[in-house]
Amino acid sequence: MSSHSLKDAALEFLLLVASGKVAEAFDRHASAGLRHHNPHVRGDAASLKQAMQEGARRNPTKSLEVRRALQEGNEVAVLSHVRQHPGDPGAAVVHILRFEGGRIVELWDIWHSVPQDSVNENGMF
């Protein structure tokens, strides 16, 4: 898989998950042995998939707007603006995905809530 297509795969995975198509995202892009580092969910693929499916049920209008995507070797980093529902100020989220054999084998996500008011005139994005 070319490095450009790894970035495409990462973006497709995240956008499918955000749109509630979690099973499709995992079928297309995740390794069965995927490990992740979200501290709120067990570290295996099945637990992450289940948590993402539950999140999609709770927040069917969730949105993910990609702001930056960077690729180096077999790793892709994506900065997104994630909103759980319309009107939600959301969060700046960085996902880092590591690939082997064209499949996601490791995933990190870092969230920072978007404040209502900020002293930083540049905003979060």
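Structure's up top.
Just so we're clear, the structure is a prediction, and the values are computed from it rather than from any experiment.

Right, let's talk about the environment of serine 113 for a bit. Locating serine 113 in the fold gives a position in strand β5 (residues 103-113). When neighbours within four sequence positions are excluded, serine 113 is seen to be in contact with Gly90, Ala91 and Met124.

The next point concerns the pattern of salt bridges. Scanning the model with the defined rule gives nine salt bridges in all. Note that arginine 35 and glutamate 106 form a salt bridge whose closest N and O atoms lie 2.6 Å from each other. Taken together, the positions of arginine 35 in strand β1 (residues 30-36) and glutamate 106 in strand β5 put the pair 71 residues apart, joining distant regions of the chain. Accessibility expressed as a relative area gives 44% for arginine 35, which makes it partly exposed. Linking arginine 57 and glutamate 54 is a salt bridge whose minimum nitrogen-to-oxygen distance equals 3.2 Å. Within this pair, arginine 57 and its partner glutamate 54 are both found in helix α3 (residues 45-58), separated by three residues, close to a single helical turn.

Quick notes on the rules
Residues numbered from 1 in each chain as written. Predicted model: local features only at pLDDT ≥ 70, side-chain atom pairs only at ≥ 80, totals over all residues. Heavy atoms only, no water. Helix = DSSP H or I, 4+ residues; strand = E, 2+ residues; numbered from the N terminus. Contact = heavy atoms within 4.5 Å. Salt bridge = Lys/Arg side-chain N within 4 Å of Asp/Glu carboxyl O. Buried < 20%, exposed > 50% of the residue type's maximum accessible area, 1.4 Å probe, protein only.

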